[in-house]
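The residues making up each chain are set out below.
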Amino acid sequence: MNQANSMYRAIILVVLSQFFLFVSLCPSTASESTRQKFQDCISTYLHINETSNTVFTSDSPDYSTTLSAYTRIRRFYNATPTPEFILAASNVSHIQGAILCAKKTGLQLRIRSGGHDYEGLSFISDVPFIVLDLFHLRAVTVDIQTESAWVEAGATLGDLYRGIGEKSKAYGFPAGSCSTVGVGGQFSGGGIGFMMRKYGLSADNVLDAVVVDADGRILTRETMGEDLFWAIRGGGAASFAVVVAWRVRIVPVPEDVTVCNVRYTLEQGAGGLFQKWQRVAHTLDDDLFLHVVIGSVKSSTSSLGFNRTARIAFQSLYLGGIDRVLSLFGEKFPELNVTRGNCTELNWIQVVLRFAGYATNSSLSVLSNRDPEVFHFSKMKSDYVTEPISEAGLEGFFKLVVEKTPWIIFTPHGGRMSEIAESETPFPHRNGTLYGIQYGVDWFDESKENETLRWMDRIYEYMEPYVSKEPRRAYVSYRDLDLGTNGFNGSANYEVASVWGRKYYKNNFERLVRVKTAVDPDNFFRNEQSIPVVPVLREAP
């Protein structure tokens, strides 16, 4: 048993003894207001002297700054109503207290881990609620000998990358390029990234977890059972429990890795290059990840009849040296004309720094910086593609792209992603998927919101004939409430929830419903797109 395993088992034993004492002590009287009942309950559990640095109300001097600290998308910055309480947990007992006191007082619980949240589900509700904020829980313990690491759920990818990089330059972890993404959302939604064609998703490399369930019990993989462990690795953990920490497999990376970047406008032949990319990107060597970012730039020679044109950036990471990747491009994609001048040979942690926007010689401590560089309004959607989009289809797509300044990312699958069965985790977008699409658009003028959202609806509607069907699929970590909701109280029935549920999970949705019904039959953990409870399935295997 490694040191981190021992640490979490010790926590479980100590806190369990406190937990059962707390259940009988926490007061609850019908004559008290809900707010006062929660305050009394949590004060008893936290021994009152702890609450000043842990529990924030609207009267607390740090309430507003704590609430806004990780509200990264501006359209939610002034959201109302605000939570009755913010509980900034710094240990497992705080999480237990938040759960049990919320249950006693009927307050809804929202869970926030300090990363990104495209639809604000972690800190917005229209019923009385509290926010359980995990941003203090960000410890990372790396064990090179066992090729694993424990990472607390409030850590960011930057924290995890830093922890690995400070231990060894020969290991990495398959996850996203943005260092400020929280591991809580990344792992529980699946977790795409630049090494997924080699090692699969982040969730495919989760070995264990510590969670607190709706009854306040602390569970590990052994005690929660394989069904719940399956569900939290891609099914949205916030529907089932509060994850305290994850144990992940760290993966070997070569001494030298190579990044390449070439960009073309439509007038430079980008459209034809993208047509070729659609057919080869998912078939390349598993060590080579080549994704595409499409946006628009000003142009006096645009072929689209505007003063803007579409520009396509072909960006790659190769797990090996520059000579070999140039050879691969020459064999498989010579039209891209990748040269030595387009590529840089680095070690893995330098690549992480570069992708995060830092100089490659920066101190690794910068990876723990959580402050967003830009504070903007934004909206995201997603799609999956199983057949190459036709030339005519792309022509109409590019015409829509130049109307705004979006960033649309095309992420190739294939490799290891095609080898893992779609039922292995709740994330189903595996064999047969050519690539995923993330549509993103930002704006800085609030008056442009309706216009910009209408444009997003138009491009999403336009793409319908060219993407996956029955259902038209989506990625749950790019949460999109336009696909349908449970309502703020999370009480939608199975038929309503299955509309968006099958888009995210395909046939895995039914198993998620069975797990949810078994582990949280009272639907305590709920939000606008949480997995529903179906009582008739409670006894189902």
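Up top is the structure these notes are about.
Undergrad: What is the right way to read the overall build of the protein chain from this model?
TA: When its secondary structure is counted, the protein chain shows 17 helices and 18 strands. Out of the 541 residues belonging to the protein chain, those deemed buried represent 58%. Surface summary for the protein chain: the accessible area is close to 21,300 Å², and the carbon and sulfur share equals 48%.

Undergrad: Teacher, can you tell me more about empty space enclosed by the protein here?
TA: Gaps between atoms show up when a probe of the same size as a water molecule is rolled over them. If you walk through the whole model with that rule in mind, you get three cavities of 30 Å³ or more. Volume-wise, the largest cavity comes out at about 130 Å³. Around the largest cavity, the lining comprises 15 residues; the ones closest to its centre are Tyr161, Gly176, Trp348, Val352 and Phe355. The dominant element in the lining of the largest cavity, judged by the number of residues it contributes, is helix α12 (residues 348–355), at four residues. Within the lining of the largest cavity, the residues separate by chemical class into 12 nonpolar, three polar and no charged. The volume enclosed by the second largest cavity comes to roughly 70 Å³. Around the second largest cavity, the lining residues are Ile192, Ser382, Asp383, Tyr384, Thr411, His413, Gly436, Ile437, Gln438, Tyr475 and Tyr478.

Undergrad: Just checking my understanding: could you explain the packing of aromatic side chains for this structure?
TA: Given two aromatic rings, one states the distance between the centres and the angle between the planes to describe the pair. All chains considered together, the criterion is met by 27 aromatic pairs. Plain terms: the ring middles of Phe427 and Tyr475 are 5.7 Å apart, the flat faces sit at 80° to each other, and that makes the pair edge-to-face. Of this pair, Phe427 sits in the loop between α14 (416–419) and β18 (435–443) while Tyr475 sits in the loop between α15 (449–462) and α16 (494–505), placing them 48 residues apart in sequence. Given a relative accessible area of 3%, Tyr475 falls into the buried group. Ring centres of Tyr439 and Tyr460 lie 6.2 Å apart, and the angle between their planes is 85°; on these two criteria the pair is classed as edge-to-face. Of this pair, Tyr439 sits in strand β18 while Tyr460 sits in helix α15; the two residues are 21 residues apart in sequence, bridging distant segments of the chain. Accessibility assignment for this pair places Tyr439 and Tyr460 in one class, buried. Members of the aromatic cluster, each reached through a chain of ring pairs, are Phe274, Trp277, Phe397, Phe398, Phe410 and Tyr435. Over the face of the ring belonging to Phe85 we find Arg35, whose NZ or CZ atom lies 5.7 Å from the ring centre. Taking NZ or CZ as reference, Arg511 lies 4.0 Å from the ring centre of Trp230, over its face.

Undergrad: I'm lost on the layout of surface pockets in this one. Help?
TA: Considered as a void within the structure, the second largest pocket measures approximately 280 Å³ in volume. Considering the residues around the second largest pocket, the lining is formed by 17 residues, among which Asp204, Asn205, Arg233, Arg249 and Glu424 are closest to the centre. Residue assignment for the lining of the second largest pocket shows that the elements contributing at least two residues are β8 (206–212) and α9 (226–232). Tallying contributions element by element places α9 first for the lining of the second largest pocket, with three residues. Looking at the lining of the second largest pocket residue by residue, the class counts come to seven nonpolar, two polar and eight charged.

Undergrad: Explain the pattern of salt bridges to me, please; I cannot follow it from the model alone.
TA: As a working rule, side chains carrying opposite charge can pair if their charged atoms are close by. Going through the model one piece at a time under the given rule, you end up with 28 salt bridges. In this structure, the salt-bridge partner of Arg162 is Glu166, at a minimum N-O distance of 3.0 Å. Taken together, the residues span about one helical turn, with Arg162 and Glu166 both in helix α5 (residues 157–167) at a distance of four residues. Measuring nitrogen to oxygen at the nearest pair gives 2.8 Å for the salt bridge that ties Glu403 to Arg458.

Undergrad: When you look at the nonpolar core in this model, what are you seeing that I'm missing?
TA: Within soluble globular proteins, side chains that are nonpolar generally end up buried alongside one another. Residues Ile232 and Trp246 are the most contacted members of the largest nonpolar core, which totals 158 residues. If you look at the next biggest cluster of nonpolar residues, it comprises 11 residues, including Leu67, Ile86, Phe129 and Val131.

Undergrad: Any chance you could explain the pairing of strand β4 (residues 129–133) here in plain terms?
TA: As a general feature of sheets, a regular strand has side chains that alternate between the two faces. By the criterion of burial, β4 is predominantly enclosed, with five of the five residues buried. Side chains Phe129, Val131 and Asp133 of β4 all project onto a buried face; the interleaved residues Ile130 and Leu132 project onto the opposite face, where all are buried too. Of the strand pairs in this sheet, strand β2 (residues 85–88) and β4 are connected by four bridges, and their pairing is parallel. When the bridges of β4 are listed, Ala88 appears paired with Asp133. Bridging between strand β3 (residues 108–112) and β4 involves five bridges; their strand directions are parallel. Across the sheet, Arg112 pairs through a bridge with Asp133, a residue of β4.

Undergrad: Whenever I open this one, α16 confuses me. Can you help?
TA: Owing to its 3.6 residues per turn, the α-helix brings residues three or four apart onto one side. When the terminal C-alpha atoms of α16 are compared, their 14 Å separation across 12 residues is substantially less than the 16 Å that a helix rising 1.5 Å per residue should span. Restricting attention to buried positions, one finds in α16 the residues Ala497, Ser498, Trp500, Gly501, Lys503, Tyr504 and Tyr505. Of the surrounding secondary structure, the elements contacted by the buried residues of α16 are α17 (508–519). In this structure Asn493 caps α16, since a side-chain oxygen of it lies 3.2 Å from the backbone nitrogen of Glu495. Remark: Lys506 follows α16 within two positions and exhibits a positive phi of approximately 50°.

Undergrad: Would you explain the environment of Tyr494 in this entry?
TA: Here Tyr494 shows up in helix α16. Placed 37 residues apart in sequence, Tyr494 and Ile531 show a C-alpha to C-alpha distance of 8.7 Å. In this structure Tyr494 touches Arg502, Phe509, Glu510, Val513, Pro532 and Val534, once residues within four positions along its chain are discounted. A polar side-chain atom of Tyr494 sits 3.1 Å from a polar atom in the side chain of Arg502.

Criteria and thresholds
Residues numbered from 1 in each chain as written. Predicted model: local features only at pLDDT ≥ 70, side-chain atom pairs only at ≥ 80, totals over all residues. Heavy atoms only, no water. Helix = DSSP H or I, 4+ residues; strand = E, 2+ residues; numbered from the N terminus. Buried < 20%, exposed > 50% of the residue type's maximum accessible area, 1.4 Å probe, protein only. Areas by Shrake-Rupley, 256 points an atom, 1.4 Å probe, with all protein chains shown as cover. 1 Å grid on protein atoms, 1.4 Å probe; cavity = no way out; pocket = protein on both sides within 12 Å on 5 of 7 lines; lining within 4 Å. Points joined across faces, edges and corners; volume = space filled by probe spheres on them. Nonpolar A, V, L, I, M, F, W, Y, C, P; charged D, E, K, R; others polar. Phe/Tyr/Trp six-rings, centres within 6.5 Å; stacked < 30°, edge-to-face > 60°. Lys NZ or Arg CZ within 6 Å of the ring centre and 35° of its normal. Salt bridge = Lys/Arg side-chain N within 4 Å of Asp/Glu carboxyl O. Core = buried A, V, L, I, M, F, W, Y, C linked by side-chain atoms within 4.5 Å. Pairing = 2+ DSSP bridges. Expected span 1.5 Å × (residues − 1). Contact = heavy atoms within 4.5 Å. Polar contact = N/O pair within 3.5 Å; in protein donor to acceptor, adjacent residues only side chain to side chain.

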